[in-house]
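Structural overview for review
Now for the letters of each chain:
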Amino acid sequence: MGMALEVAKEAYRAEEVPVGAVLVKEGAVIATGYNQREGLQDPTAHAELLAIRSAAQAKKSWRLTDTTLYVTLEPCAMCAGAIIQSRVTRLVFGTHDPKAGACGSICDLTTETRFNHHVIVQSGILAEDCRNLLQQFFQQLREAQPVPS
């Protein structure tokens, strides 16, 4: 999770919402990603999706079995779906997302028994650090906004 936080800081420096993802297999990092929605002008350019795409290309397979995805923020429905579809074995995330989280906050796609793949989920890892980075980013954005007249 520490590496995912470092990747999230790359997003922060790029003026993107600071979410980082690291995909690991057998103790080795196979892909990383951070939010790039603004830079790419792509609504699907979430950290998780970019890491999953990168790993699938590197492995030449969409099946990412026996992997663990570390993410600083609880995945949204789109990302949770991609995690399930790509057969990621384990998801570890930092802080919950009460506005868009789909792994326990708003809903929990990872516990849906009708899917043919199930993900082991662990949450709250370095939650305070992950939350603080996000709060700092949004505070800085608010302070940079001109005051309405």
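Structure: above.
The rules behind these values
Residues numbered from 1 in each chain as written. Predicted model: local features only at pLDDT ≥ 70, side-chain atom pairs only at ≥ 80, totals over all residues. Heavy atoms only, no water. Salt bridge = Lys/Arg side-chain N within 4 Å of Asp/Glu carboxyl O. Helix = DSSP H or I, 4+ residues; strand = E, 2+ residues; numbered from the N terminus. Pairing = 2+ DSSP bridges. Axes fitted to C-alpha atoms, helices over the stretch in contact; angles between N-to-C directions. Contact = heavy atoms within 4.5 Å. Parallel < 35°, antiparallel > 145°, perpendicular 65-115°, else oblique.

Taken as a whole, this structure holds two salt bridges when the rule is applied. Across the pair K9 and E6 runs a salt bridge whose closest N-O atoms are separated by 3.3 Å. Taken together, the positions of K9 and E6, both in helix α1 (residues 2–13) and three residues apart, correspond to about one turn of that helix. A salt bridge links E112 to R114; the nearest nitrogen and oxygen atoms lie 2.6 Å apart.

Pairing within the open sheet is mixed, and its five strands lie in the order β2-β1-β3-β4-β5. If you trace the sheet from one side to the other, it starts and ends with β2 (28–34) and β5 (120–123), each paired once. The sheet shows a mean angle of 15 degrees between the axes of neighbouring strands, taken without regard to direction. Relative to strand β4 (residues 90–95), strand β3 (residues 67–73) runs parallel, the two sharing five bridges. In the sheet register, T68 faces β4, and the bridge partner there is R90. The sheet contacts of helix α3 (residues 47–59) involve β1 (20–25), β2 and β3, and relative to β2 the element is tilted by about 140 degrees.

Time to look at the packing of α1 against helix α5 (residues 127–144). What describes two packed helices is the angle between their axes and the distance between those same axes. One way to put it is that α1 packs onto α5 with a least axis distance of 11 Å and a crossing angle of 5 degrees. Classified by the interaxial angle, the pair formed by α1 and α5 is roughly parallel. Counting all contacts with α1, which are made through L5, A8, K9 and Y12, the residues of α5 involved are D129, C130, L133, Q136, F137 and Q140.

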